[in-house]
Amino acid sequence: MRALLLLALVLAPNLSAQDKTLRVGLFPNVTHAQPLVARAMAREGKPWFEPHLGPGWKVEWFTYNAGPGAMEAFFAKSIDLTYVGPNPAINAHVRSAGQEVRIIAGSANGGAALIIPGNSPIKVPADFRGKRIATPQLGNTQDVAARAWLAANGLKTTPTGAGDAQVVPTANPDQLSLFQQGKLDGVWTVEPWVSRLEREAGGKIFLEQKEEATTVLAVRRQFLTEQRDLVKRFAAAHAELTEWINANAVEARRLIKSELKELTKADMNDALLESALGRLTFTATPPREALGKFAEDAKKAGFLKGDANLTKLVELP
């Protein structure tokens, strides 16, 4: 009994520390500026979120390529919050009958586009018949947008890549190399890949989403219920960081560049980063009115069936 008591005393601090770890997802894209800046600040000894969260709390970051992967982490309860595109959050919300996901803030608008080769003969949407278009991941926000846009223009697609136009979910780095090799007729993606396709592969913008929500901040509903005050503090810190980024563009750009290099092991040149950030607007306001359109796009793309009840999707802590 004495041995068990001593073991419990030894383990208790570790359990307490584990309980005070907030697990947050992000993508290594400039559309996720707030977590990139926060991570870079922490590496430089000036953490942003931790002082807002309270004594003993720390943030552990998890990186994903696109939204569906982050939502699977939600279902597995391996992260608590994540920066993510609207469509994966909507799909996960509907898939769980409204029980799993809540959007608590906006993050970034704009920065997404459909890019075609500079010498492409494509002039109108109908010209994409029989063509190959890459998107970051099946079911992510750009994948849904591409399929919905093609459907609205009379071109059917399927998840397997068949149809009037072939949509090929492809990781962003692979999109660039395939585009350079002439193996893609278009890419629907987000910054900084839009600018990279322009600058490094001679691409040109066919269609740009200048104002649509690109990134939101989402939380697991159960975690929100259990830790509402903590989530509220994180959301407030996120809003303050968004204001700081907008007011300190030069320093924010330096931190974003530093963190992207840390995550991707590649150094983005200043002109490319400036181009990418120039297409984005950072805001903490949740895109309430736009969510219905995202849901309609998901229906057109075949990812949602029937009516999607989104009345509980946005919930401020």
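Heads up: the structure comes first, above all this text.
Residues numbered from 1 in each chain as written. Predicted model: local features only at pLDDT ≥ 70, side-chain atom pairs only at ≥ 80, totals over all residues. Heavy atoms only, no water.

**What to know about the sheet that holds strand E9 (residues 203–209)**
Strand order in this open sheet of five strands is E7-E6-E8-E5-E9, and the pairing throughout is mixed. The sheet is open, and its two edges are formed by strand E7 (166–169) and E9, each paired on a single side. Sheet twist, expressed as the average angle between the axes of neighbouring strands with direction ignored, equals 25°. When strand E5 (residues 112–117) meets strand E8 (residues 186–190), the two strands line up antiparallel, connected through four bridges. Residue pairing for E8: Ala112 is matched across the bridge by Val190. The strands touched by helix H6 (residues 141–152) within the sheet are E5, strand E6 (132–135), E7, E8 and E9, with E8 carrying the most contacts at an inclination of about 135°. Against the sheet, helix H8 (residues 193–201) makes contact with E5, E8 and E9, and its axis sits at roughly 135° relative to E8, the strand it touches most. (Pairing = 2+ DSSP bridges. Helix = DSSP H or I, 4+ residues; strand = E, 2+ residues; numbered from the N terminus. Axes fitted to C-alpha atoms, helices over the stretch in contact; angles between N-to-C directions. Contact = heavy atoms within 4.5 Å.)

**Some remarks on the packing of aromatic side chains**
For the structure on display, the rule yields six aromatic pairs. Ring geometry for Trp149 against Trp188: centres 5.9 Å apart, planes inclined by 65°, an arrangement best described as edge-to-face. On the criterion of sequence distance, the pair formed by Trp149 in helix H6 and Trp188 in strand E8 is long-range, its members being 39 residues apart. By the burial criterion, Trp149 is buried, and Trp188 matches it. (Phe/Tyr/Trp six-rings, centres within 6.5 Å; stacked < 30°, edge-to-face > 60°. Buried < 20%, exposed > 50% of the residue type's maximum accessible area, 1.4 Å probe, protein only.)

**Considering the sheet that holds strand E2 (residues 58–63)**
Spatially, six strands are ordered E2-E1-E3-E10-E4-E11 in an open sheet, and the strand pairing comes out mixed. Each having just a single partner strand, E2 and strand E11 (280–282) make up the two edges of the open sheet. When the angles between neighbouring strand axes are averaged without regard to direction, this sheet yields 25°. Where strand E1 (residues 21–26) and E2 come together, six bridges link them in parallel fashion. Following the sheet pairing, Thr21 is matched in E2 by Lys58. Along the sheet, helix H4 (residues 67–75) contacts strand E3 (81–84), strand E4 (101–110) and strand E10 (213–220); its crossing angle with E3, the most-contacted strand, is approximately 165°. In the packing of helix H5 (residues 86–95) onto the sheet, contacts are made with E3, E4 and E10, and the angle to E4 comes to roughly 160°.

**Observations regarding helix H2 (residues 33–43)**
A large share of H2 lies buried, amounting to nine of its eleven residues. All buried positions along H2 are accounted for by Ala33, Gln34, Pro35, Leu36, Val37, Ala38, Arg39, Ala40 and Met41. Downstream of H2 by a residue or two, Gly45 has a phi angle that is positive, lying close to 80°.

As far as function goes, none of this settles anything; it's purely spatial.
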